[in-house]
Amino acid sequence: MTDHDRPPLIPVPPRLLVEKTHHSETATVERLAMNRTGSFEWDLDARTLDIDEAGLLVFGLDAASFDSRPGSLMELLDPAERIRLDVAIDEAIKGGSTSYSVHFRVPLDHGGDQWTHVQARILRSPDGRAHRVIGLVRDATAEVTHSAFVLDLEKRRQRQTDIVERTTSALSRAVTVDDVTAALTGPGGLARLGADGLALALLDNATLNVIALSGDSLEVVDELGSGGLDPKFPLADTVVSGRPRFVSSLGALTRRYPVLKPFVGQLRFQAAAYLPLVAQARTLGGLALFYRERTPFTADERNLCLGLAAIVAQSLQRATLFDEEREFATGLQSAMLPRRIQDIEGGEIAVRYHAAWSGRQVGGDWYDVIALPKERFGIVVGDVQGHDTHAAAIMGQLRIALRAYAAEGHPPSTVLARASRFLAELDTDRFATCTYAQVDLVTGTVRVVRAGHFGPLIRHVDGRVGTPQVRGGVPLGIATDFGDEEFPETRLDLVPGETLVLYTDGLVEEPGADIEAGVRTLINEVSAGPAGAEALADHLSDRLWERWGSGDDVALLVMRRSPDPGSPRAPRLHQYIHQADPEGLSDARTIVRQALTDWNMAELADDAELVTGELLVNVLLHTEGGAVLTLEVLPEPVRRIRLSVQDRSSAWPRRRTPGETATSGRGLLLLDAVTTRWGIEPRGEGKAVWCEIGPASPASGPMPEDTEDTEDAEEPADPLGEGCKDHPGPVGGKR
């Protein structure tokens, strides 16, 4: 409607042109004035208001101060009353009515309100266009102040105020479109709106998509209201026309929309309000509110529905903008992270990234997997300081630089030193933390360095989670500024079936709690989660990221070395025992006993547990690293078990003859007494001490005599005895 067609929305009393030439007419005017009643005429085309002196008196004005503008009277009213009158009169004029009657309050100069009543007739041209409004305006305070009407009106207004306040409060916390729909359809949503059901639809080009339904039998509304913008259906009609539709009964609904007649029996509501959702002159969609009881939809009730629609529209506009910004931010972040992670030989890798819900801001967390020479690869997880596009840009550059340094074949400590130098040379004051590791899954060797970041977690085959002590350096960038580019390297060994977990702080930061508590929770979830890398990554994402919330980015990398269970006839297990893990020895003994019980070889468990403890104690006490325990069943006619403990020491043991008071030197004697065979083999950087337990084979012979005891030698101690650096080859014994 143009400004010419649309009258001013506030019903302000115009003056009725009255000829004062006849005595009878003058007497009528005087009687009206005595009763504080005046007349008015409102020219809709000229947009002028003519009101007599008695009418001006009702508003506390005089003829000299009134300029015949409707807006002058509109300014006297409170905003809420102005809107209510605007809706009532606009509906009467546009709806084809011939008259309207409305009560409203006018503030008084001395305080309080005056109840004012306007009763008017709408004059229309032959084509139905309204061009004049004439009527009476009077002071109705006396008749309504103590009436049931006022009490009921105040009660209804209080209810309306509560509805608006509760809805506004709930939607003020909504950030995304999903949050808006949850506030409307979740617990208490319909009660806040004062309705028994609702349907919410958003406009997408020429399609109206119903995104939320709640209440009784509204699936039929979904069927009728979603899809194209067909004005034969009420919700689409409201969106297309931009006008609200208030239906007080199902009969009125089907008369206006005959296409709904076949569905009347499925509808359990009796009245409905179809409301366009418009924000900043843009139609977003439509909202339908349904009521079980017949509802007359008074002016106040219609005003309430329109107010609710305005609140929902503003919330949806804000949420839609947020979702668009989030899509932009996550798209930018995704473009800077690897599109896919290559498959690795001998294991599997899973990565996860979750962006913080912080508007358009993006974070600096990242992960990467880098192919290296000699069938090795590098893995990294890191975090650039800040949560903005600058942090994301720095992250992208740093990730590429670190990948290039790693691909050149530099050791891990050099890779981080060069990455720190690169970051310090950028025009930024940001720093970064990260953990980087070079992995060789053929041998299970993992060389780890970290720069101000969390160390890795290792999940063992039995589900136990270790926290190896990985030495660390200063965060990247700061390390160069402080002249401290030392990043000590720590070697770890993954046995088949073990899993390495790298993560950023967003995964362990719980609002209001110490970060150590978050780390403990992460350890528990890693232990309780499934064994596979992908399944474990999903488990951690579901249980932790959604639990803490989304205040920070999360980067997660899970790498698992492929298990080596052997064959059904010859099962096998591996276990890595860290030197700094005091519980590892006890756990290893328990694992050996349980495995033999599961393999129906429990009669060998006592000897195997004893030997396991002896071999591991010597490694953990006399070397500078951990040990790899392997237990397997040999597929021979007479089944035996083979137990092997591998370490990284190049010194081999010798036999000893300990004295009665000696506290060590009995390791090889114990092997002779308990095992069927034993021996020592070179294994790359170290050696493996192995033994077999079970029935002796016919080929077994006496113990060779070429292994001497050197109890009193002054060389450094080594597992099972003194170091024998000049031994020509493998040694062993038989019973």
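Rules of the game
By convention here, each chain's residues receive numbers from 1 onward along its written sequence. Only residues with pLDDT of at least 70 are given local features in this predicted model, and only at 80 or more are side-chain atom pairs given and counted; all residues enter the totals for whole chains, interfaces and linings. Calculated side-chain values reflect all of the structure's heavy atoms, with hydrogen atoms and water omitted. Only DSSP runs of H or I covering at least 4 residues are called helices, and only runs of E covering at least 2 are called strands; the numbering of each starts at the N terminus. Summary of the burial criterion: residues with accessible area below 20% of their type's maximum are buried, those above 50% are exposed, and those between are partly exposed, where the area comes from a 1.4 Å probe applied to protein chains only. Residue burial considers only the protein chains on display, and all accessible areas are found by Shrake-Rupley using a 1.4 Å probe. Whenever Lys or Arg places a side-chain nitrogen within 4 Å of a carboxyl oxygen from Asp or Glu, that contact is recorded as a salt bridge. Here a cavity means grid points, on a 1 Å grid over the protein atoms only, where a 1.4 Å probe fits yet cannot get out; a pocket means an open set of points with protein on both sides within 12 Å along at least five of seven lines; lining residues are those with an atom within 4 Å of a point. Grid points are joined across faces, edges and corners, and a volume is the space filled by probe spheres set on the points. Under this grouping Gly is polar, as are all residues other than the nonpolar Ala, Val, Leu, Ile, Met, Phe, Trp, Tyr, Cys and Pro and the charged Asp, Glu, Lys and Arg. The rule is short: rings of Phe, Tyr and Trp, with Trp giving its six-membered ring, pair when the centres are within 6.5 Å, and they are stacked under 30 degrees, edge-to-face over 60, tilted in between. Any two strands with at least two DSSP-identified bridges between them are counted as paired. By the convention used here, residues are in contact when the closest approach between their heavy atoms is within 4.5 Å. Axis definition: a line fitted to C-alpha atoms, over the contacting stretch in the case of helices. Angles run 0 to 180 degrees between N-to-C directions. The term nonpolar core refers to a set of buried residues drawn from Ala, Val, Leu, Ile, Met, Phe, Trp, Tyr and Cys, joined through side-chain atoms within 4.5 Å. pLDDT is a per-residue confidence score from the predictor, ranging from 0 to 100.

Chemist: Lay out the overall build of the chain in plain terms, naming residues and giving numbers.
Modeler: A tally of helices and strands in the chain yields 20 helices and 30 strands. Residues classed as buried in the chain amount to 51% of the 735 residues present. For the chain, the computed accessible surface area is about 34100 Å², with 50% contributed by carbon and sulfur atoms.

Chemist: Explain the pattern of salt bridges residue by residue, including any values.
Modeler: The final tally for this structure, using the stated rule, is 31 salt bridges. Residues Arg 129 and Asp 45 are paired through a salt bridge, measuring 2.8 Å at the closest nitrogen-oxygen approach. Taken together, the residues span a long stretch of sequence, with Arg 129 in the loop between strand 4 (113-124) and strand 5 (130-139) and Asp 45 in the loop between strand 1 (37-43) and strand 2 (48-51) at a distance of 84 residues. Classification of Asp 45 as partly exposed rests on a relative accessible area of 33%. Taken together, the salt bridges that share partners define one network made up of Arg 640, Arg 642, Arg 677, Glu 681 and Glu 692.

Chemist: Tell me what's going on with the layout of surface pockets, and back it up with residues and numbers.
Modeler: Its boundaries defined by the atoms lining it, the second largest pocket holds a volume of some 600 Å³. Secondary structure elements with two or more residues in the lining of the second largest pocket: strand 15 (432-440), strand 16 (445-451), strand 20 (490-493), strand 23 (572-577), strand 24 (627-634) and strand 25 (640-647). Tallied by class, residues from the lining of the second largest pocket come to seven nonpolar, ten polar and 13 charged.

Chemist: Provide a residue-level description of the packing of aromatic side chains, including the pertinent values.
Modeler: Applying the stated criterion to the full structure yields five aromatic pairs. Arranged with centres 6.1 Å apart and planes meeting at 85°, the rings of Tyr 274 and Phe 290 form a pair that is edge-to-face. Highlighted residues: Tyr 274 in strand 10 (residues 271-279) and Phe 290 in strand 11 (residues 282-291), separated in sequence by 16 residues. Across this residue pair, the class does not change: Tyr 274 and Phe 290 are buried. Put simply, the rings of Phe 246, Tyr 291 and Phe 297 touch in pairs and so form one group of aromatic residues.

Chemist: Go over the sheet that holds strand 21 (residues 499-503), please, and point to the residues and values.
Modeler: Across the sheet, which stays open at both edges, the five strands sit in the order 12-22-21-17-18 with antiparallel pairing between neighbours. Across the chains shown, the open sheet's two edge strands, defined by having one partner strand only, are strand 12 (347-354) and strand 18 (465-466). Bridge analysis of strand 21 against strand 22 (residues 554-561) gives five bridges, and the strand direction is antiparallel. Along strand 22, the bridge assignment pairs Thr 499 with Arg 560. Lying over the sheet, helix 16 (residues 515-528) contacts strand 17 (457-459), strand 18 and strand 21, oriented at roughly 25° with respect to strand 17.

Chemist: Which residues make up the nonpolar core, and what are the values?
Modeler: In this structure, Ile 349, Ile 379, Tyr 436, Leu 476 and Met 559 are the most contacted members of the largest nonpolar core, which totals 51 residues. The biggest single contributor to this core is helix 13 (residues 389-407), with eight residues. Leave out the neighbours within four places in its chain, and Ile 349 touches Ile 341, Ile 344, Val 369, Phe 377, Ile 379, Ala 533, Glu 534, Leu 557, Val 558 and Met 559. With 35 residues, the next largest nonpolar core counts Val 180, Ala 195, Phe 246 and Ala 271 among its residues.

Chemist: Give a detailed account of the pairing of strand 24, specifying residues and quantitative values.
Modeler: Successive side chains on a regular strand alternate, one facing one side of the sheet and the next facing the other. Counting buried positions along strand 24 gives eight out of eight residues, so the element sits mostly inside the fold. With burial as the criterion, each face of strand 24 is covered, one bearing Ala 627, Leu 629, Leu 631 and Val 633 and the other bearing Val 628, Thr 630, Glu 632 and Leu 634. Pairing of strand 23 with strand 24, which is carried by six bridges, proceeds in the antiparallel orientation. Within strand 24, the position partnered with Tyr 576 by the bridge is Val 628. Bridge count for strand 24 against strand 25 is seven bridges, and the pairing is antiparallel. The partner of Leu 634 across the bridge, within strand 25, is Arg 640.

Chemist: Can you lay out the pairing of strand 6 (residues 197-204) for me, pointing to particular residues and giving the numbers?
Modeler: Among the eight residues of strand 6, six are classified as buried, and the element is accordingly described as predominantly covered. Examined bridge by bridge, strand 6 and strand 7 (residues 207-215) share eight bridges and lie antiparallel to one another. Paired with Leu 198 across the bridge in strand 7 is Ser 214. Adjacent in sequence and paired antiparallel, strand 6 and strand 7 are bridged by two residues, among which Asn 205 carries a positive phi angle near 55°. Sheet analysis places strand 6 next to strand 11, joined by six bridges and oriented antiparallel.

Chemist: An account of the confidence of the model for the chain is requested, with residue identities and associated values reported.
Modeler: In low-pLDDT regions, the fine details of the predicted coordinates are not to be read closely. Scored by pLDDT, the chain has a mean of 80; 81% of the residues are at 70 or more. Note that pLDDT drops below 50 for residues 700-730; the model gives that stretch 82 contacts with residues more than four away or on any other chain.

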